[in-house]
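Chains, contacts and geometry: an overview
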Amino acid sequence: MAPKKTSNAELVAVAQKRLYPNYRQAPFVLARGRGCELFDVEGRRFLDLCAGVAVCSVGHAHPAFVRAIGEQAATLMHVSNWFYNEANIRLADELCRRTGFARVLFCNSGSEANEALLKLARHHFYAQGQKERMRVVAFDNAFHGRTLGALSMTGTPKYREGFGPLGPVTHVPYGDAGAVERAMAPDVCAIIVETVQGEGGVFPAPAGFLAELRAIADRHGSLLLADEIQTGLGRTGRFLGSEGTGLKPDAISMAKGLGGGFPIGAMLTTEKLADALPAGTHGSTFAGNALASAAALAVLQIVDDEGLIEGAKTKGAALGAMLHELARELPQVCEGARGEGLLWGLVMRPGFVAREVLPRVNDAGLLLTGAGERVLRFSPPLVVSVAELREGVALLRGVLSGLGALRATA
Ligand SMILES: *Cc1c(COP(=O)(O)O)cnc(C)c1O
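What you see is a predicted model, and the numbers here were worked out from it, not measured in a lab.

Quick notes on the rules
- Residues numbered from 1 in each chain as written.
- Predicted model: local features only at pLDDT ≥ 70, side-chain atom pairs only at ≥ 80, totals over all residues.
- Heavy atoms only, no water.
- Helix = DSSP H or I, 4+ residues; strand = E, 2+ residues; numbered from the N terminus.
- Buried < 20%, exposed > 50% of the residue type's maximum accessible area, 1.4 Å probe, protein only.
- Contact = heavy atoms within 4.5 Å.
- Areas by Shrake-Rupley, 256 points an atom, 1.4 Å probe, with all protein chains shown as cover.
- Lys, Arg positive; Asp, Glu negative; His and termini not counted.
- Charge placed at Lys NZ, Arg CZ, Asp CG, Glu CD.
- Domains from an automatic or database assignment.
- Buried area = accessible area lost by both parts, 1.4 Å probe.
- Salt bridge = Lys/Arg side-chain N within 4 Å of Asp/Glu carboxyl O.
- Polar contact = N/O pair within 3.5 Å; in protein donor to acceptor, adjacent residues only side chain to side chain.
- Expected span 1.5 Å × (residues − 1).
- Pairing = 2+ DSSP bridges.
- 1 Å grid on protein atoms, 1.4 Å probe; cavity = no way out; pocket = protein on both sides within 12 Å on 5 of 7 lines; lining within 4 Å.
- Points joined across faces, edges and corners; volume = space filled by probe spheres on them.
- Nonpolar A, V, L, I, M, F, W, Y, C, P; charged D, E, K, R; others polar.
- Phe/Tyr/Trp six-rings, centres within 6.5 Å; stacked < 30°, edge-to-face > 60°.
- Near = heavy atom within 4 Å.
- Disulfide = S-S within 2.5 Å.

What follows is about the overall build of the protein chain. The helix and strand inventory of the protein chain stands at 13 helices and 17 strands. Within the protein chain, buried positions represent 51% of all 410 residues. Within the protein chain, contacts between residues at least 6 apart in sequence are counted, and of these 72% link residues at least 24 apart. As presented, the protein chain carries roughly 18400 Å² of accessible surface, and 56% of it is formed by carbon and sulfur atoms. Of the charged side chains in the protein chain, 42 are positive and 40 negative; the average position of the first set lies 4 Å away from that of the second.

Accessible area lost upon the coming together of the parts is a frequently used measure of interface size. Here the protein chain is described as being made up of domain 1 (8-58 + 307-409) and domain 2 (65-305). Contacts between domain 1 and domain 2 engage 26 residues on the former and 26 residues on the latter. Both sides together, the interface formed by domain 1 and domain 2 hides about 2300 Å², and carbon and sulfur atoms give 61% of it. Sorting the residues of domain 1 by area buried against domain 2 places Ile309, Glu340 and Leu343 first, and these three jointly supply 27% of that buried surface. Counting the contacts that link domain 1 with domain 2 gives two salt bridges. Across the pair arginine 377 and glutamate 199 runs a salt bridge whose closest N-O atoms are separated by 2.6 Å. At the surface where domain 1 touches domain 2, the tally comes to 14 residue pairs in polar contact (both at pLDDT 80 or more). For the side of domain 1 that touches domain 2, the secondary-structure elements that each account for two or more residues are helix H2 (51-54), helix H11 (308-329), strand S13 (334-340), strand S14 (343-348) and strand S17 (375-378). For the side of domain 1 that touches domain 2, the element with the highest residue contribution is H11, accounting for four residues.

Over its 16 residues, helix H10 (residues 290-305) extends 22 Å from the first C-alpha to the last, a length consistent with the 22 Å expected when each residue adds 1.5 Å. Where burial is concerned, most of H10 is hidden: 13 out of the 16 residues are buried. You can read the cap of H10 off the contacts: a side-chain oxygen lies 2.8 Å from the backbone nitrogen of leucine 291, and it is on asparagine 289.

Taken in spatial order, the four strands of this open sheet run S1-S2-S3-S15, and their pairing is mixed. Across the chains shown, the open sheet's two edge strands, defined by having one partner strand only, are strand S1 (30-34) and strand S15 (366-367). One ladder, built from three bridges, connects strand S2 (residues 37-40) with strand S3 (residues 45-48); its direction is antiparallel. What sits directly across from glutamate 37, in S3, is leucine 47.

Right, let's talk about the layout of surface pockets for a bit. Of the voids in this model, the second largest pocket is the one considered here, and its volume is about 1000 Å³. For the second largest pocket, the lining is made up of 31 residues, of which Asn81, Val104, Leu105, Phe106 and His282 are closest to its centre. When residues of the lining of the second largest pocket are assigned to their parent elements, the largest contribution, five residues, is made by strand S4 (residues 103-107). Residue composition of the lining of the second largest pocket, grouped by class: 19 nonpolar, nine polar and three charged.

Tracing the backbone through its elements, the reader meets leucine 277 in the loop between strand S12 (265-269) and H10. A relative accessible area of 16% places leucine 277 in the buried class. Linking leucine 277 and glycine 341, residues 64 residues apart in sequence, is a C-alpha distance of 34 Å. Look past the residues within four positions of leucine 277 in its chain and what remains in contact with it is Leu105, Ala116, Lys119, Leu120, His123 and His282.

Our next topic: the packing of aromatic side chains. Applying the stated criterion across every chain yields a total of five aromatic pairs. Ring geometry for phenylalanine 28 and phenylalanine 46: centres 4.4 Å apart, planes at 15°, overall stacked. Of the two residues, phenylalanine 28 sits in the loop between helix H1 (8-18) and S1 while phenylalanine 46 sits in strand S3, which places them 18 residues apart along the sequence. Take phenylalanine 28 and phenylalanine 46: they sit in the same class, and that class is buried.

To continue, consider the site of the ligand. Neighbouring the ligand are Ser109, Gly110, Ser111, Asn114, Phe143, His144, Gly145, Glu194, Asp227, Ile229, Gln230 and Lys256. Aspartate 227 has a polar side-chain atom sitting 2.7 Å from a nitrogen atom of the ligand. Starting from 390 Å² of accessible surface for the ligand in isolation, the protein chains cover 82%. Looking at side-chain class alone, the shell around the ligand contains two nonpolar, seven polar and three charged residues.

What follows concerns the environment of glutamate 306. With respect to the helices and strands, the residue glutamate 306 is situated in the loop between H10 and H11. According to the relative accessible area criterion, glutamate 306 is partly exposed, its value standing at 41%. For the pair glutamate 306 and valine 58, spaced 248 residues apart in sequence, the C-alpha to C-alpha distance is 9.6 Å. Here glutamate 306 is in contact with His62 and Val383, once residues within four sequence places are set aside. Within the structure, glutamate 306 has its side chain in polar contact with the side chain of histidine 62 (distance 2.7 Å).

Here we take up the state of the cysteines. If you walk through the whole model with that rule in mind, you get zero disulfides. Summary of cysteine pairing: cysteine 36 is not part of a disulfide, and the nearest cysteine sulfur, belonging to cysteine 56, is at 9.7 Å. With a relative accessible area of 2%, cysteine 36 lands in the buried category. Free cysteine cysteine 334: the closest other cysteine sulfur is in cysteine 50, separated by 19 Å. Classification of cysteine 334 as buried rests on a relative accessible area of 1%.

See below:
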């Protein structure tokens, strides 16, 4: 083994030489975390209000979470889908109880969960002899992942460019039920929707829109699918973002926050669709792995024990108020704020680019991510405190007021 490097500069130099350059990582190397704090290899502290893009739902190194993973690793990690494992069965049961769905198909990521949704929809109709039902109706600006099936449903042209031909998908404006209606035809197997468009720029669904989709899908005999990868597991202040919206999907995808940082994804569906993918039609070696399942079970337990779903609602309301105030204070930089629960975007004025502002945010000791062109996204661990949210917004205020001055003097 090569001697161990310890400084940011040394490690980043190796990373830039060895890692495939499909990302633009910040120029420091994170080494450890606790709650909503992260520390780099040189000991510098960052306040983490992005949670690995809405993933680390119980924060970093939560003692009960660490204990559960350690115990499961020391007991049983993986057996493959030739055999059952206990943690996986318990997780499937818990997810069904909490969502009202009847069946769970596990996988390892969000994209894979959406692939499962797509295969479910196509095969459901195929098995009924409706072989022409192949097309999906999805939304402009939607993000459903990067594997080819998921990418075909993703609505951002720059992610799709150069990877065609992709599967047949019609993209229509988010929030426009009339456009969905016009895109429907006997070849449509499913409509897929996010209850808040996350990656696209944190756009909550307009009032009434999600409920209309159910009626449209029924009228045209297609399935209705919800991508709950970012909005699921309490992020919106409800277990699922679709709860209480009237969406009533036939199947959903989950991932991100479900494993709290351990990779796991899931497709949940109804008993009615239980025979759409019979034995042998779909699967994955790692899916339903005992360790991943134990991690997700521990996340659910902590979410219950610490009241994190109710907390996402109340702390999210506090965060929203702080961001609205920040936007009012700095109108030369900010256009406004929008979000739901603990998923918020601070929208900057045209001309500001999130990717260019984020290095300054990091320099101030705060970790956020961008969403869309000019939105700074907050997706903190659900265990975040209001004091930490206030600290983060104060750090951001410092950065953005500097930008305002920059622009005024330019
Ligand atoms: C992150 C995300 C995905 C993709 O998940 P991966 O785990 O990156 O494959 C899909 N849909 C939504 C809504 C997401 O936020």
